[in-house]
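# Observations on the model geometry
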Amino acid sequence: MYPVARHDARLALRELTAEDIDAVATIYGSAEVTQHLSFTPRSRDEVDGIVARSMASATMSPRDEYALALAERDSSELIGFVRLALDPHQQRAATIGGALRTDAWGVGYGKEAVRLLLELAFTDLDLHRVWAARSPHNMAAARTLLAAGMTEEGRIRGHVHVRGAWRDSITYGILREEWPGTDTP
């Protein structure tokens, strides 16, 4: 599916462009934003590569990754970077994740972003299951995932090696039949 263009009242998901590199670098280069992610802050050059790979994968067929810009709908200003990746180990399943600029925290954008990704997953891609993982210390992500309708499923011990140590992940999932507005056969 290309291009992705999905929105709600305040936010829009859209394909990344080369013009987004600086905005993504602001997010991925921030120690505060990445403190609970599975990687340390990225350099501008690293972000350039991430955006280039994301743009290239967007037109692949079949498409197995949706790395998208999250923008304020009215201004089109990029406030986040989100990703839905099909899971090669599960049938009709995907994992989701994302990050927002710090000035976009605390106003409900995270929950809206997750809901937009779930709409993409269940409505457009006809998936059966979506899951996400968070750092055990990221309680804001816990509240966001639960508020978006996901269910906490458990802990993966020693899941991510970051900042010189292994870290657990807390996982969340949602099935198609649990998503409002979807009918199951």
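Just above, that's the structure.
Attention here is on the structure that accompanies the text. (Residues numbered from 1 in each chain as written. Predicted model: local features only at pLDDT ≥ 70, side-chain atom pairs only at ≥ 80, totals over all residues. Heavy atoms only, no water.)

With that out of the way, let us pick up the pattern of salt bridges. Side-chain pairs of opposite charge can arise whenever the charged atoms involved come near each other. Summed over all chains, the structure comprises 14 salt bridges. Arg6 is paired through a salt bridge with Glu119; the nearest N and O atoms lie 3.0 Å apart. With Arg6 in strand β1 (residues 5-7) and Glu119 in helix α4 (residues 109-124), the pair connects residues that are 113 residues apart, well separated along the chain. A salt bridge links Arg101 to Asp103, with the nearest nitrogen and oxygen atoms 2.8 Å apart. Among the residues examined, Asp103 registers a relative accessible area of 57% and is labelled exposed. Among the charged side chains, a salt-bridge network with shared partners connects Arg6, Glu119 and Asp124. (Salt bridge = Lys/Arg side-chain N within 4 Å of Asp/Glu carboxyl O. Helix = DSSP H or I, 4+ residues; strand = E, 2+ residues; numbered from the N terminus. Buried < 20%, exposed > 50% of the residue type's maximum accessible area, 1.4 Å probe, protein only.)

By size, the foremost hydrophobic cluster in this structure holds 34 residues, and its most contacted members are Leu13, Leu70, Leu84, Ile96, Leu118, Val130 and Met150. Of all the secondary-structure elements, those providing two or more residues to this core are β2 (11-15), β3 (65-72), β4 (78-86), β5 (93-100), α4, β6 (129-134), α5 (139-147) and β8 (165-175). If we ignore the near neighbours within four places in the chain, the residues touching Leu84 are Asp64, Glu65, Tyr66, Ala94, Thr95, Ile96, Leu117, Leu120, Ala121 and Leu125. With 17 residues, the next largest nonpolar core counts Leu37, Val51, Ala67 and Leu78 among its residues. (Core = buried A, V, L, I, M, F, W, Y, C linked by side-chain atoms within 4.5 Å. Contact = heavy atoms within 4.5 Å.)

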